[in-house]
Amino acid sequence: MSGDRPVFLRRLCVCADDYGLSTGIDGAILALIDRGVVTATSCMVLRRTWTADAPALRHRPGTQVSVGLHLDLTNVDGSAREASLAGLAGRSMLLPRSTRHWRPIVREQLDRFEAEMDRPPSHVDGHRHVHQLPGVRETLAELLNERYGRDLPWLRGTRPGPAAGRVAFKQRVIHGMGGPGTQRLARQRSIPISGRLLGVYGFDCDAVAYAHALDDWLRQSRDGDVLMCHPAMDDTPHDGIAAARRQEFEALRALDPAAVARRWSVRLAPLNPRAGLRA
């Protein structure tokens, strides 16, 4: 009789942000989905390539990839130009916590997503993590409860993973934008929320350093974590992290999901809120 025991594989969702921003970004994400490395993507429905490239996602099954909304509050003209995040955060702190201001903005993006995908988003997060800002998060939770009842999308949490130095500081800043409040609200509203957020770095390392960081995130991951990434095949005009995107794409497409399972006991997979994901 064999003494081998089944190996528990931790579930890790690799989520590629910014689908819909450019053809180079969209093409990279699709290639990584087909490779089984990217298991979720978050879509920018106000940006230039969303309408043209949405059909490529529409028919991919949810068992292969979670397709969600990347809530976008710093869009300028559909390109990669960005409005000030500091100004946006300041306004969110000064406005009343009422959902009146943000409601039409969030509703429009949910409508645009559903119009192209013919289904609700599997999850919602935010470009530059704006989904957790005060006022925004309350509006989002209210609309999700109203529109989707018990079949709620999950929210991407921002609890930090292991890090040191400047990366640890950046993680604290991201979570401090409203992460604890979002976790409390998710519990109150019975909205599923993911575990720790991996993949945070300064977009300033070389290809070797990013590959090492990727290994560390895989090794340190826990069941239900999300590893955020921003891959691209080529440059996007006005994109301040174009070089980092290309490096991420090369490192991610070098991954083999079967090898990841053998080496780190990690299964790259979409998150399933009905399999124990909770606030």
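Predicted model only: the values in this text are computed from it and were never measured. The numbers attached to residues start from 1 for each chain and follow its sequence in the written order. Local features are withheld for residues below a pLDDT of 70 in this predicted model, meaning they are given only at 70 or higher, and side-chain atom pairs are given and counted only at 80 or more; totals for whole chains, interfaces and linings count all residues. The side-chain figures draw on all heavy atoms in the structure; neither hydrogens nor water molecules are used.

*Asks:* Describe the state of the cysteines, naming the residues involved and giving the relevant values.
*Replies:* The disulfide criterion used throughout: a pair of cysteine sulfur atoms within 2.5 Å. Going through the model one piece at a time under the given rule, you end up with zero disulfides. Looking at Cys15, it has no disulfide partner, and the nearest cysteine sulfur is the one in Cys13, 5.5 Å off. Burial classes: relative accessible area under 20% of the type maximum marks a residue as buried, over 50% as exposed, and values in between as partly exposed (1.4 Å probe, protein chains only). Cys15 gets classed as buried once you look at its relative accessible area, which sits at 0%.

*Asks:* Give a description of the side chain of His131 that names residues and reports values.
*Replies:* Elements are defined by DSSP. Helices are runs of H or I of four residues or more, strands are runs of E of two residues or more, and each kind is numbered from the N terminus. With respect to the secondary-structure elements, His131 resides in the loop between strand E4 (123–126) and helix H6 (136–148). The class of His131 is buried, set by a relative accessible area of 1%. There is a polar contact of 2.8 Å between the side chain of His131 and the backbone oxygen of Arg156. Note on definitions: a residue-residue contact is assigned when non-hydrogen atoms from the two residues lie within 4.5 Å. Apart from the residues within four sequence positions on either side, His131 is in contact with Leu71, Val124, Asp125, Gly126, Val136, Arg137, Leu140 and Arg156. Here a polar contact is taken to be a pair of N or O atoms separated by no more than 3.5 Å, where protein atoms must pair a possible hydrogen donor with a possible acceptor and residues adjacent in sequence count only if both atoms sit in side chains.

*Asks:* Kindly report on the pairing of strand E2 (residues 40–43), identifying the contributing residues and their values.
*Replies:* Alternating residues of E2 divide into Ala40 and Ser42 and Thr41 and Cys43, and every residue in both groups is buried. Bridge count for strand E1 (residues 10–19) against E2 is three bridges, and the pairing is parallel. Bridge pairing links Cys15 to Ala40 in E2. Here, a strand pair is defined by DSSP locating no fewer than two bridges between the strands. Sheet topology note: the E2/strand E3 (residues 66–71) ladder contains four bridges and is parallel. Residue pairing across strands places Ser42 opposite Gly68, the latter belonging to E3.

*Asks:* Pulling in residues and values, what's your account of the nonpolar core?
*Replies:* Residues Leu144, Leu214 and Leu218 are the most contacted members of the largest nonpolar core, which totals 65 residues. What Leu214 contacts, discounting residues up to four positions off in sequence, is Leu227, Ala251, Leu252 and Leu255. Side-chain atoms within 4.5 Å link the members of a nonpolar core, which is a set of buried Ala, Val, Leu, Ile, Met, Phe, Trp, Tyr and Cys residues. With ten residues, the next largest nonpolar core counts Cys15, Ala40, Val200 and Leu271 among its residues.

*Asks:* Describe in detail the layout of surface pockets, supporting the description with residues and values.
*Replies:* A pocket, in this scheme, is an open set of points on a 1 Å grid over the protein atoms alone with protein on both sides within 12 Å along at least 5 of 7 lines, while a cavity is a set where a 1.4 Å probe fits but cannot get out; residues line either one if an atom lies within 4 Å of a point. Grid points are joined across faces, edges and corners, and a volume is the space filled by probe spheres set on the points. Put simply, the largest pocket is a space of about 550 Å³. His127, Arg128, Lys170, Phe203 and Ile241 are, among the 27 residues lining the largest pocket, the residues nearest its centre. Where the lining of the largest pocket is concerned, the elements lending two or more residues are E1 and helix H7 (165–176). By residue number, the principal contributor to the lining of the largest pocket is H7, which donates four residues. Classification used: nonpolar for Ala, Val, Leu, Ile, Met, Phe, Trp, Tyr, Cys and Pro, charged for Asp, Glu, Lys and Arg, polar for all others including Gly. Considering only residue class, the lining of the largest pocket consists of twelve nonpolar, eight polar and seven charged.

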